[in-house]
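The chain contents come next:
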2 protein chains.
Amino acid sequence: MRKEKGIPEHLRKWQEHGKGLGGEVDQRVIDAMHPADAADHIEELGLEEQVKFIKQLPIRDAADSIAEMERYDQRELIERLNIGMSARILEYMSPDDAADILEELDDDLRESLLRQIKAEDREEISTLLTFDPDTAGGVMNTEVAILLEDLTVDQAITSIRAEVEDKSIPYYAYLVDRRNHLTGAVSLRDLLVARPGKKIKELIHNQHLISVTYEVDKEEVARLIGHYNFLAMPVTDFDHRLLGVVTVDDVIDILNEEASEDMQSMVGAGTDETIDSPWAYSVKKRLPWLVLNVANSAISAWVVHLFEGNIAKMAILAVLMPIVANQAGNTGQQALAVMIRQFATEKFDRVKSWTAVFRELKIGLVNGFCVALLVLFAVYMFTQNAPLAMVMSGALFLDMIIGAVVGGAIPIILKEFGRDPAQASSIFLTTITDSLGFFSLLGLAGIFLL
Amino acid sequence: MRKEKGIPEHLRKWQEHGKGLGGEVDQRVIDAMHPADAADHIEELGLEEQVKFIKQLPIRDAADSIAEMERYDQRELIERLNIGMSARILEYMSPDDAADILEELDDDLRESLLRQIKAEDREEISTLLTFDPDTAGGVMNTEVAILLEDLTVDQAITSIRAEVEDKSIPYYAYLVDRRNHLTGAVSLRDLLVARPGKKIKELIHNQHLISVTYEVDKEEVARLIGHYNFLAMPVTDFDHRLLGVVTVDDVIDILNEEASEDMQSMVGAGTDETIDSPWAYSVKKRLPWLVLNVANSAISAWVVHLFEGNIAKMAILAVLMPIVANQAGNTGQQALAVMIRQFATEKFDRVKSWTAVFRELKIGLVNGFCVALLVLFAVYMFTQNAPLAMVMSGALFLDMIIGAVVGGAIPIILKEFGRDPAQASSIFLTTITDSLGFFSLLGLAGIFLL
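Residues numbered from 1 in each chain as written. Chains lettered and ligands numbered in written order. Predicted model: local features only at pLDDT ≥ 70, side-chain atom pairs only at ≥ 80, totals over all residues. Heavy atoms only, no water.

For chain A, an unreviewed UniProt entry supplies the name Magnesium transporter MgtE and the organism Desulfovibrio gilichinskyi. Within the UniProt record for chain A, the comment given under Sequence similarities (unreviewed entry) is "Belongs to the SLC41A transporter family." (UniProt positions renumbered as here; feature names shortened; annotations may be inferred.)

So, in structure tokens, the structure goes:
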């Protein structure tokens, strides 16, 4: 197989093929596709075509492909298929994928589906549904290779061979004692290179076993897996009994979701919006924040209103206002962006975070000074009015420092109140930098110029 | 080991222990730490302490810990250690980690270090240094388990057992023909469950082998690994000869870097800034964009200047100006954020992207209409001036639609010009929404109110 520019050859083949058939689905081509590519393809079809297509597929292929689809498309499709078929498809998925889909459905449909799923799968899925979806328990996979620590290496290999078809990702096997307490982890390669008669317990001598309890936030689990370069993180209850594992492929999804959430919620867009979301959904998510923003900008407008008399006497102030607001807003957003990414990539550390605000203050002071100097010259050249140039650059300097400190502090404050550190932070920031910027410019002008 | 709230116990032990010793380093505690935690700890020390500490460590531990440190700290430390020791440390690292560090150094130091590294490692590292660091070649690991496709399963296992100590991440082994062309991939578990006498070639019958060439962008490789839920992606030359693999732990780093880059470059902060960067570095990265922003806001100020006469006659216009600018800016940023995340998580598709701008137009129309209606009432209640309220809400509606379309379009345009779709996008957006917002408000006021 040869490929260029990262397009897998079988996909390109499908694209060409698809064109030849006027874009119609060709079963033979789909058969040769990876489920992730098949999912992409299915998502491009209309709902009725999706249903028609899924019905033609063997149940296992249907399950594999649907598991790879976007949440929104999964939900629509499962709601539309007949309940018996949906239940069969869910049985063929790994329990965590099935639970993720059921989570999204209405209570009634979820209950009906669960009743149709065969008892052993139902029990496992129902247990997973009891965990908060944003925690380790909510994202973990229960298909895990478990070994009693008393086994020898060759017994362990035999046991894994017998089980392996059932477990989707057995890169590690986990050791437990007779009461199911997690005692260690071995990789398949550890087993492969060890002397067959050795007790597996000896392989984990001196191991730094790292695990999380089921209620740890999923973003924290993702951070830990990234930090330790793990392929999976074992999840236990508070008695340290093994419940499941969070795998690295889930981490990639969690990181992508988190990055989208942060960037989008910062400006008041929906955390889970994509360009594939229905546009009415985006309206619903964004409009409340825009309305809040009206209230917020009413505050800065009110500040300007206080000084309306000054503006009437000196309209040039209205010309300079946007410059102050823009610079301070931009300065604050720079601090905000660095801070939000800090919280996304490292564990929250109060002292370190507030030290970072002090760092932003220093950056704000230097950047503020340079920009204020530039603006001092520019305004003087333009207006030949030295006092005005000084008032303008003073207000700018002040507001840029405020922007730097407030931009650095907002995510910490939101975090301390238990909120998402990004949520609408840009909107709050702008309200403050606009209001205080206008206040200092128009206020200083009132004192020194009028 | 028991843990709560995701803090690994040995780390908490170290924290408590560290406090008891007045924060001094205790070798026994460090010995029991994971290299990733040791790296975090070392980063908190001053440079001289770092050097002193690293010198006490066995070379292998030093290499493992330094490999986990932040790029900036690695560079400082390697520059400060004596060249012989640095060379030994680099030899103990995996070649891709060593190449990443050397990449950051001055040419002279890099050359001197390479001369000190033993020939076999030098050759491998030098080859890696020839690849663009932003491509698959630049992030791949050359330590990969390679199997001739003619082997039987038991021969393959014997071969992996012999090699495995040297290879850091052999979850997959790759099959090549006699001319080193990549023909397939097998996982250790495939080998473990297969009949020993079977040819490994038979295991890959009908496999959809997916690989990338060395010049594929690293973010695209990350996207593909996430898409296919792979643990590693083989990298080949244009003749499909195997060069190395990109592993999933690199993907986590790439995704985190990309998310930080996007969020930070959007507002003109440095793409690689963190709260641990020296503050002067942040000044250097951010100031040029703030200066550009002065030029940009000068444009919107100039628009206001054109209408200075109108403002002198009707100062309330200056009160309303910030509301228009804010709303349209916010609307545009919502579109921007969703679009930038789209480019981060999916392959660029021109038609789909422009369709998404059309989607933003629809959202902008509805949100613009709702907000304009709200503002119409609010301004009328406040001023009792119906024509003013209508002019204001008309300008707002217009500017919000412009914001939606421009916010959606900027990342596509940047992408088409081969730029990072996020770069300074928020700054460009604000310039446009401010200028056109002021133009429509003050222009419409000039026509209908004065």
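A. View of the overall build of chain A. The helix and strand inventory of chain A stands at 22 helices and six strands. The C-alpha atoms of chain A give a radius of gyration of 29 Å, which is well past the 22 Å a tight globule of 450 residues would have. Oriented by its inertia axes, the alpha-carbon framework of chain A measures out at about 90 × 60 × 50 Å. Out of the 450 residues belonging to chain A, those deemed buried represent 56%. Across chain A, every contact between residues at least 6 apart in sequence was considered, and the portion connecting residues at least 24 apart equals 66%. Summed over its atoms, the accessible surface of chain A is roughly 18700 Å², and 55% of this surface lies on carbon and sulfur atoms. (Helix = DSSP H or I, 4+ residues; strand = E, 2+ residues; numbered from the N terminus. Rg over C-alpha atoms; globule rule 2.2 N^0.38 Å. Buried < 20%, exposed > 50% of the residue type's maximum accessible area, 1.4 Å probe, protein only. Contact = heavy atoms within 4.5 Å. Areas by Shrake-Rupley, 256 points an atom, 1.4 Å probe, with all protein chains shown as cover.)

B. Region of the structure containing the relation of the copies chain B and chain A. Once turned by 180° and shifted 0.0 Å along the axis, chain B lies on chain A with an RMSD of 0.1 Å. The transformation relating the two chain copies, once decomposed into turn and shift, fits a two-fold axis. Proximity to the rotation axis, assessed at the C-alpha, singles out Ala312(B) in chain B; its C-alpha lies 2.3 Å from the axis. Of all interface residues in chain B, 100% are interface residues in chain A too; the two copies therefore contact each other through one and the same surface. (Least-squares fit on C-alpha atoms with pLDDT ≥ 70 in both.)

C. Representation of the pattern of salt bridges within the structure. All told, the structure shown has 42 salt bridges over all chains when counted by the stated rule. A salt bridge links Lys218(A) to Asp134(A), with the nearest nitrogen and oxygen atoms 3.5 Å apart. Placement of Lys218(A) in helix H15 (residues 218-228) and of Asp134(A) in the loop between helix H10 (119-129) and helix H11 (136-139) is noted, with a sequence separation of 84 residues between them. Under the relative-accessibility criterion, Asp134(A) is labelled partly exposed at 40%. Linking Asp276(B) and Lys352(A) is a salt bridge whose minimum nitrogen-to-oxygen distance equals 3.3 Å. Here the residue Asp276(B) occupies a position in the loop between helix H16 (248-266) and helix H17 (279-306), and Lys352(A) occupies one in helix H20 (residues 350-383), the pair thus bridging two chains. Given the relative accessible area of 38%, Asp276(B) is considered partly exposed. (Salt bridge = Lys/Arg side-chain N within 4 Å of Asp/Glu carboxyl O.)

D. The sheet that holds strand E3 (residues 182-187) of chain B, seen in detail. All names here are of chain B. Read from one edge to the other, the open sheet built from three strands follows the order E1-E2-E3, with strand pairing classed as mixed. For this open sheet the edge positions go to strand E1 (145-148) and E3, each flanked by a neighbour on one side alone. Adjacent strand axes in the sheet meet at a mean angle of 30° when their direction is disregarded. By the bridge criterion, five bridges tie strand E2 (residues 172-176) to E3 in an arrangement that is antiparallel. Each bridged residue has a counterpart across the sheet, and for Tyr174 the counterpart in E3 is Ala185. (Pairing = 2+ DSSP bridges. Axes fitted to C-alpha atoms, helices over the stretch in contact; angles between N-to-C directions.)

E. Spatial organisation of the confidence of the model for chain A. All names here are of chain A. With 91% of its residues at a pLDDT of 70 or more, chain A shows a mean pLDDT of 88. Across chain A, the element-wise mean pLDDT spans from 41 in helix H1 (residues 9-20) up to 97 in helix H21 (residues 386-416). Residue range residues 1-25 is modelled with pLDDT below 50. Its contacts to residues more than four positions away, or to other chains, number 46 contacts. (pLDDT = per-residue confidence, 0-100.)

F. Representation of the UniProt feature "transmembrane region" (unreviewed entry) in chain A within the structure. Residue and element names in this part refer to chain A. When the UniProt feature table is mapped to this numbering, "transmembrane region" (unreviewed entry) covers residues 363-382, 388-414 and 426-449. Helix makes up 100% of residues 363-382 and strand makes up 0%, while its end C-alpha atoms are separated by 28 Å. Secondary structure content for residues 388-414 is 100% helix and 0% strand, while the C-alpha to C-alpha distance between its ends is 38 Å.

G. Representation of the packing of aromatic side chains. Scanning all chains against the criterion turns up twelve aromatic pairs over all chains. Taking the centre distance of 5.3 Å and the plane angle of 25° together, the rings of Tyr228(B) and Phe230(B) count as stacked. Among the aromatic residues, those joined into a cluster by ring pairs are Phe131(A), Tyr214(A) and Phe238(A). Its guanidinium or amino end placed over the ring of Phe343(B), Lys415(B) lies 5.6 Å from that ring's centre, counting from NZ or CZ. (Phe/Tyr/Trp six-rings, centres within 6.5 Å; stacked < 30°, edge-to-face > 60°. Lys NZ or Arg CZ within 6 Å of the ring centre and 35° of its normal.)

H. Geometry of the domain arrangement of chain A. When its domains are assigned, chain A resolves into domain 1 (34-130), domain 2 (145-247) and domain 3 (279-448). Measuring from the centre of the C-alpha atoms in domain 1 of chain A to the corresponding centre in domain 2 of chain A gives 29 Å. (Domains from an automatic or database assignment.)

I. Summary view of the UniProt feature "domain: CBS" (unreviewed entry) in chain A. On the UniProt side, "domain: CBS" (unreviewed entry) is annotated at positions that read residues 140-202 and 205-261 of chain A here. A distance of 41 Å separates the end C-alpha atoms of residues 205-261 of chain A, which is 44% helix and 23% strand.

J. Geometry of the pairing of strand E2 (residues 172-176) of chain A. Residue and element names in this part refer to chain A. Most of E2 is tucked away, with five of its five residues classed as buried. Side chains Tyr172, Tyr174 and Val176 of E2 all project onto a buried face; the interleaved residues Ala173 and Leu175 project onto the opposite face, where all are buried too. In this sheet, E2 lies alongside strand E1 (residues 145-148) in parallel orientation, the contact comprising four bridges. Of the residues in E2, the one forming a bridge with Ala145 is Ala173. Hairpin connection of E2 to strand E3 (residues 182-187): five residues between the antiparallel strands, including Asn180 at a positive phi of 70°.

K. How the structure looks around a negative patch on the surface. All names here are of chain A. A contiguous patch of negative charge on the surface is contributed by Glu103, Glu104, Asp132, Asp217 and Asp272. Its location among the elements puts Glu103 in helix H8 (residues 95-104). The exposure class assigned to Glu103 is partly exposed, which follows from its relative accessible area of 30%. (Patch = residues over 30% accessible without salt bridge, like charges linked within 9 Å, V, L, I, M, F, W, Y side chains within 5 Å. Lys, Arg positive; Asp, Glu negative; His and termini not counted. Charge placed at Lys NZ, Arg CZ, Asp CG, Glu CD.)

L. Just the interface of chain B and chain A, in detail. The partner chain A presents 130 residues to the 130 residues of chain B that form the contact. Summing both sides of the interface, chain B and chain A together bury roughly 11500 Å²; the carbon and sulfur share of this comes to 64%. Taken as a group, Leu192(B), Met263(B) and Ile275(B) account for 7% of the area that chain B buries against chain A, more than any other trio of residues on that side. Summed over the shared surface of chain B and chain A, the number is six salt bridges. Between Glu360(A) and Arg286(B) there is a salt bridge, with its nearest N and O atoms 2.7 Å apart. Counting every contact that joins chain B to chain A gives 38 residue pairs in polar contact (both at pLDDT 80 or more). Counting residues per element, the side of chain B that touches chain A draws most heavily on helix H19 (residues 316-345) of chain B, which supplies 20 residues. (Buried area = accessible area lost by both parts, 1.4 Å probe. Polar contact = N/O pair within 3.5 Å; in protein donor to acceptor, adjacent residues only side chain to side chain.)

M. View of the packing of helix H19 (residues 316-345) of chain A against H20(A). Residues and elements named next belong to chain A. It is at 11 Å that the axes of H19 and H20 come closest, and there the two elements cross at 155°. Of the possible angle classes, the one that applies to H19 and H20 is roughly antiparallel. In this structure, the crossing between H19 and H20 has a hand that is right-handed. Contact with H19, carried on its side by Ile316, Leu320, Gln327, Ala335, Val338, Met339, Gln342 and Phe343, involves Lys352, Ser353, Ala356, Val357, Glu360, Val371, Val379 and Thr383 of H20 and no other residues of that element. (Parallel < 35°, antiparallel > 145°, perpendicular 65-115°, else oblique. Left-handed = near helix turned anticlockwise from the far one by under 90°.)

N. Main features of the packing of helix H16 (residues 248-266) of chain A against H19(B). Running from amino to carboxyl end, H16(A) crosses H19(B) at an angle of 160°, the nearest separation of the two axes being 9 Å. In terms of orientation, H16(A) and H19(B) fall into the roughly antiparallel class. Between H16(A) and H19(B) lies a crossing of right-handed hand. Here Asn256(A), Ala259(A), Ser260(A), Met263(A) and Gln264(A) of H16(A) come into contact with H19(B), specifically with Ala337(B), Val338(B), Ile340(B), Arg341(B) and Thr345(B). Classifying every residue of the contact of H16(A) with H19(B) by side-chain character gives five nonpolar, four polar and one charged. (Nonpolar A, V, L, I, M, F, W, Y, C, P; charged D, E, K, R; others polar.)

O. Focus on the environment of Leu188(A). Looking at the secondary structure, you find Leu188(A) in helix H13 (residues 188-193). C-alpha separation for the pair Leu188(A) and Tyr171(A), spaced 17 residues apart in sequence, amounts to 5.9 Å.

P. Layout of unusual backbone geometry. All names here are of chain B. Phi angles above zero are rare outside glycine, and His240 is one such case at about 65°. Looking at where His240 falls in the secondary structure, it is placed in the loop between strand E5 (232-236) and strand E6 (242-247). Judged by relative accessible area, which is 6%, His240 ranks as buried. One non-glycine residue, Gln384, adopts positive backbone phi at about 55°. Positionally, Gln384 belongs in the loop between helix H20 (350-383) and helix H21 (386-416). Among the residues examined, Gln384 registers a relative accessible area of 54% and is labelled exposed.

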